[in-house]
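# Structural characterization, general
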Amino acid sequence: MKKMMPWLATMLLAITLIVVVVFVFMQGQNGTKDDTHTASASEAKKMTADEIVEVSSELAQIKTNLADPDRIIMVSFSFRLSDKTAKEDFEKIKSITVKPIIIQALADTKAEELSSAKGMKQFNEKLTGLINEALSEPNLKSASFSDIVIAPM
């Protein structure tokens, strides 16, 4: 038994060392992905306030029913487009094309889906995709709630 103790200790040390190396390697891989995401986020934040205003559009006071028969919603949206020309084109069609898309999307949505930040984010991503499908060129970068009120009828 005494002759096996050094071998057991050596094997335990080797296994521990291998586990630590694998753990450090995996953390290094995750860190690289986070750095890339952080870099892209900082690029998006480099816009000045005037540049943001040049590519942003508002659609205010949409009132409609939700999928819940006893709930209504009043929302306003803010849209960020790719450039100033895209914003000008978007402004021309937002009442006749974008507003009906929003009303249809809200008609399929329950109040519980919009009661959390995660649900709102998912709805905004879905809405961005639907609107981009309807546009001749998909220039809409993001849609987001600027106001939201959900009330019983």
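In this report, we go over the structure that sits alongside the text. Fair warning: this is a prediction, and the values are worked out from it, not measured in the lab.

## Overview of the sheet that holds strand β2 (residues 71-81)
Taken in spatial order, the three strands make up an open sheet running β1-β2-β3, and their pairing is antiparallel. Among the strands making up the open sheet, the edge pair consists of β1 (56-65) and β3 (140-152). Across the sheet, the mean angle separating the axes of adjacent strands is 15° when strand polarity is ignored. Here β1 pairs with β2 via eight bridges, running antiparallel. When the bridges of β2 are listed, L59 appears paired with F77. This element, helix α3 (residues 84-107), spans β1 and β2 of the sheet and lies at about 25° to β1. Along the sheet face, helix α4 (residues 117-134) touches β2 and β3 and points at about 125° away from the line of β3.

## A few points about the pattern of salt bridges
Under the criterion given, the structure shown has one salt bridge. Note that E91 is salt-bridged to K94, the shortest N-O span being 3.0 Å. You can see E91 and its partner K94 sitting in helix α3, three residues apart, about one turn around the helix. The class for K94 is buried, based on a relative accessible area of 13%.

## Here's the deal with unusual backbone geometry
The backbone phi angle of Q61 is positive, close to 55°, even though this residue is not glycine. By secondary structure assignment, the location of Q61 is in strand β1.

## A few points about the side chain of T109
Among the secondary structure elements, T109 is positioned in the loop between α3 and α4. Owing to a relative accessible area of 2%, T109 belongs among the buried residues under this scheme. Those residues in contact with T109 that lie beyond four places of it in its chain are L66, A67, D68, L114 and F123.

Procedures and definitions
Residues numbered from 1 in each chain as written. Predicted model: local features only at pLDDT ≥ 70, side-chain atom pairs only at ≥ 80, totals over all residues. Heavy atoms only, no water. Pairing = 2+ DSSP bridges. Helix = DSSP H or I, 4+ residues; strand = E, 2+ residues; numbered from the N terminus. Axes fitted to C-alpha atoms, helices over the stretch in contact; angles between N-to-C directions. Contact = heavy atoms within 4.5 Å. Salt bridge = Lys/Arg side-chain N within 4 Å of Asp/Glu carboxyl O. Buried < 20%, exposed > 50% of the residue type's maximum accessible area, 1.4 Å probe, protein only.

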